[in-house]
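# Analysis of the macromolecular model
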Amino acid sequence: MPLRSLTWRITVGGTLFLLVAVPIALAGVLPLPSPTETDLASRLLPPFSPGHLLGTDQLGRDLLSRLIWGGRISLIIGMLAMLVAGLVGTTLGALAGYYRGWVDAVVSRAIEAQLSLPLLMLLLLMIAIFGSSIPIIILVLAIAQWPESARISRSLTLVETEKLYVTAARTTGTSSLRIFVMHILPNIISR
């Protein structure tokens, strides 16, 4: 993929993300009506009505306000799930790629087992067992997404362990844990 195309895609994606994230982040500051305030006299107003850019629902609540305030929860869930999945996946994948052997076998089987479960079934099972809550949804999404980062970090770690600086560190008597933490992890995270 040419660099010009990649730069264009990053610019467009970043701009669209900011168009969504900035109003959500500033929801408490923006001059919007309360998302829970009902006004039965203003029920089911169409979009572009005076004072209601997206209209109102059957209870007269402003749809734009509800959309922005609801987006806060969605954004928090998505970002926390991505963070947890990235941390768990990167760590497990890097450990599997560095230590290989039984560690690699266990992590690889866990990845395969998780990828064989449909997300909807996993979500329904977790909600049936633990109930419906934001932490459970974050956990389910993180469980569903960690294999991707684990597979990438495992392959990057396999490449890094074959490089000369790792061989030099082993030759000088540096411990495996120190090589992993001080050399391998920073190099795979920077990619």
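Here we summarise the structure given alongside this text. Throughout this document, residue positions are counted from 1 along each chain, in the order its sequence is written. Whole-chain, interface and lining totals are the exception, using all residues; otherwise, since this is a predicted model, local features are given only for residues with pLDDT of at least 70 and side-chain atom pairs are given and counted only at 80 or more. To obtain the side-chain values, all non-hydrogen atoms of the structure were used and water was disregarded.

### Description of the overall build of the chain
Tallying secondary structure elements over the chain gives 7 helices and 0 strands in all. For the chain, the N- to C-terminal ordering of α and β elements is α-α-α-α-α-α-α. Compactness check: the chain gives a C-alpha radius of gyration of 23 Å against a globular reference of 16 Å for 191 residues, more than 25% above the reference. With respect to the three principal axes, the spread of C-alpha positions in the chain is 80 × 45 × 30 Å. Only protein chains enter the accessibility calculation, which uses a 1.4 Å probe; a residue whose area is less than 20% of its type maximum is buried, one above 50% is exposed, and one in between is partly exposed. Classification of the 191 residues of the chain by burial places 28% in the buried group. Residues are treated as being in contact if the distance between any of their heavy atoms lies within 4.5 Å. Taking the contacts inside the chain whose residues are at least 6 apart along the sequence as the reference set, 61% of them involve residues at least 24 apart. Residue exposure ignores everything except the shown protein chains as possible cover, and the areas themselves are Shrake-Rupley values with a 1.4 Å probe. Carbon and sulfur atoms form 72% of the exposed surface of the chain, whose accessible area is close to 12,300 Å². Positive charge is attributed to Lys and Arg, negative charge to Asp and Glu, and no charge count is given to His or to the chain ends. Note on charges: their place is set at NZ of Lys, CZ of Arg, CG of Asp or CD of Glu. Within the chain, one finds 14 positive and 9 negative side-chain charges whose respective centroids are separated by 10 Å. Elements are defined by DSSP. Helices are runs of H or I of four residues or more, strands are runs of E of two residues or more, and each kind is numbered from the N terminus. Only C-alpha atoms enter the radius of gyration, while the globule expectation follows 2.2 Å times N to the 0.38, with N the number of residues.

### Structural notes on the nonpolar core
A94, Y98, L156, V166, A169, I179, F180, I184 and I188 together form the largest nonpolar core, which totals 9 residues. Sorting the residues of this core by element identifies α2 (63–99), α6 (164–171) and α7 (176–189) as the ones contributing at least two each. In terms of residue count, the dominant contributor to this core is α7 (4 residues). Leaving out residues up to four positions away in the same chain, I184 has contacts with Y98, T157, E160, T161, Y165, V166 and I179. Remark: nonpolar core denotes a set of buried residues (Ala, Val, Leu, Ile, Met, Phe, Trp, Tyr, Cys) joined through side-chain atoms within 4.5 Å. Formed by 7 residues, the second largest nonpolar core is a distinct cluster that contains V107, A142, W146 and A150.

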